[in-house]
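# Understanding the architecture of this molecule
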Amino acid sequence: MQVTETGSSMRVTASAPGKLMLFGEHAVVYGRPCLVTAVDLRIFAVTENGSRTDTPYVTVHASVADTVIRMPLTDVLTAETYPREAAFVLAAVRRIAERFRLERDLTLRTHGPQRSFGLGSSSAVTVAVVGSLNALLGLDLSPREIFQTAYAAVLDVQGKASGFDVAAAVYGGTLYYDLSREIIEPLAVPELPVVIGFSGEKVSTVNLVGAVAALRDRHPERIDTIFDLIAALTQDARDALLRQDWALLGELSQMNQGLLDSLGVNTLSLARLIFAAQAAGACGAKLSGAGGGDCMFAIADAPKLEAVRAALRAAGGEIVTLATNAPGLRLEP
Ligand code: PMV
């Protein structure tokens, strides 16, 4: 195990990947399935044990936000909210500390790319923290327990979330995810022929999930019918993925996009990118995640990939070059 002993203290580093939602966003919050692939945007958590004490302190160095937060563990366990820059880290510590007695000061450092394009850095940091504490404290949690612990922490911070991004961070690869039936199914697929385009707009997932919830309150039956259609497309897309039928996957992505439009989560800049990708010969394109900005992706046969990239740039998008199917949570040397 990659645990370094430094005097009386020990240090463990773990990393977890970000994610690209492929199919099923929003519907997955309401018990429908989704498809997600882990992307090679890794967030690292370094955890270190200090001296044994009756009153342990928790110190968080969040390098992306360039802040240090230090508080007694008793405050971590009772706080109503946490400072925004360390909210996911502290929620993860709390979920662990509620189950296992911490008897030493604890220092956590997190780092990752300066920009994360809305591709799952919060869930990745939460999973990396839980994974490194698991090793540091010798807790012997299974991947499933790490998922449950990190998902609970994400819910503490975010209120409403499906956990698909947490699953991608723990297991990596490409997953069919259906929490209502307790399915987290790894799919044996190769690197996906996708181009990811960033719209330039930043998004609050919480606000968009809230907007869709409000729409559903006004039209419960219609919106549930849309969610059922998204679920059926996701099911078809799972089969298309396994057969590596990119033309079919593209067609299905267009249909899913139409349904996302009907939920009101598309934007002009995302739509420009989606139409530009189609015009450049992509098999299909759709937004990825909550919508309202962040990223879209296009599926294209290999010979068309470069033309699709050029079209997305010309339409005002930024190409995000990240491998899909990335490995999940792991300990680092
Ligand atoms: O905005 P993102 O990339 O975090 O994706 C959110 C996806 C939703 O389905 C809208 C919410 C969720 O928790 O599944």
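This write-up is about the structure you can find in this document. (Residues numbered from 1 in each chain as written. Predicted model: local features only at pLDDT ≥ 70, side-chain atom pairs only at ≥ 80, totals over all residues. Heavy atoms only, no water.)

Summed over all chains, the structure comprises four aromatic pairs. Taken together, a centroid distance of 6.3 Å and an interplanar angle of 70° make the contact between Phe-147 and Tyr-177 edge-to-face. Taken together, the positions of Phe-147 in helix α4 (residues 143–158) and Tyr-177 in strand β7 (residues 174–178) put the pair 30 residues apart, joining distant regions of the chain. In this pair, the class of Phe-147 matches that of Tyr-177, namely buried. Grouping aromatic residues by their ring pairs yields a cluster made of Phe-147, Tyr-151 and Tyr-177. Taking the ring centre of Tyr-176 as reference, the NZ or CZ of Arg-238 above it sits at 5.7 Å. (Phe/Tyr/Trp six-rings, centres within 6.5 Å; stacked < 30°, edge-to-face > 60°. Helix = DSSP H or I, 4+ residues; strand = E, 2+ residues; numbered from the N terminus. Buried < 20%, exposed > 50% of the residue type's maximum accessible area, 1.4 Å probe, protein only. Lys NZ or Arg CZ within 6 Å of the ring centre and 35° of its normal.)

With that settled, consider the site of the ligand. Close contacts around the ligand come from 13 residues, with Lys-19, His-26, Ser-162, Thr-205 and Ala-290 the closest. The separation between an oxygen atom of the ligand and a polar side-chain atom of Lys-19 is 2.7 Å. Coverage of the ligand by the protein chains reaches 94% of its 380 Å² of free accessible surface. Across the shell around the ligand, the residue classes tally to six nonpolar, five polar and two charged. (Near = heavy atom within 4 Å. Polar contact = N/O pair within 3.5 Å; in protein donor to acceptor, adjacent residues only side chain to side chain. Areas by Shrake-Rupley, 256 points an atom, 1.4 Å probe, with all protein chains shown as cover. Nonpolar A, V, L, I, M, F, W, Y, C, P; charged D, E, K, R; others polar.)

Relative orientation of the contacting elements helix α7 (residues 220–242) and helix α8 (residues 246–262) amounts to 165°, with a least axis distance of 9 Å. Comparing the axis directions of α7 and α8 gives the class roughly antiparallel. As for how α7 packs across α8, the hand of that crossing is left-handed. Note on element contacts: α8 touches α7 through Trp-246, Leu-248, Leu-249, Leu-252, Met-255, Asn-256, Leu-259 and Ser-262, opposite Ile-226, Leu-229, Ile-230, Leu-233, Asp-236, Ala-237, Ala-240 and Leu-241. Here the contact of α7 with α8 is built from residues that sort into 13 nonpolar, two polar and one charged. (Axes fitted to C-alpha atoms, helices over the stretch in contact; angles between N-to-C directions. Parallel < 35°, antiparallel > 145°, perpendicular 65-115°, else oblique. Left-handed = near helix turned anticlockwise from the far one by under 90°. Contact = heavy atoms within 4.5 Å.)

The topology assignment puts Ser-288 in strand β10 (residues 284–288). Overall, the relative accessible area of 8% leaves Ser-288 in the buried class. Here the side chain of Ser-288 touches Met-21 through a polar contact of 2.7 Å, landing on its backbone oxygen.

Let us look at unusual backbone geometry. Despite not being glycine, Asp-140 has its phi angle at roughly 65°, a positive value. Position of Asp-140 relative to the elements: it lies in the loop between α3 (121–136) and α4. Despite not being glycine, Glu-182 has its phi angle at roughly 55°, a positive value. The topology assignment puts Glu-182 in the loop between β7 and β8 (183–187).

With that settled, the discussion passes to the nonpolar core. If you look at soluble globular proteins, the nonpolar side chains tend to sit buried side by side. Counting 117 residues, the largest nonpolar core has Leu-90, Val-93, Leu-241, Leu-263, Met-296 and Val-308 as its most contacted members. The contact partners of Leu-90, leaving out residues within four places of it in the chain, are Val-58, Val-60, Ile-69, Met-71, Val-76, Tyr-82 and Pro-83. (Core = buried A, V, L, I, M, F, W, Y, C linked by side-chain atoms within 4.5 Å.)

Right, let's talk about the pairing of strand β6 (residues 104–111) for a bit. For strand β3 (residues 34–52) and β6, the ladder comprises seven bridges, and the chain directions are antiparallel. When the bridges of β6 are listed, Asn-49 appears paired with Leu-106. Two strands pair when backbone bridges link them, and strand β4 (residues 57–62) and β6 are joined in this way by five bridges, in the parallel orientation. Bridging across to β6, Val-60 finds its partner in Leu-108. (Pairing = 2+ DSSP bridges.)

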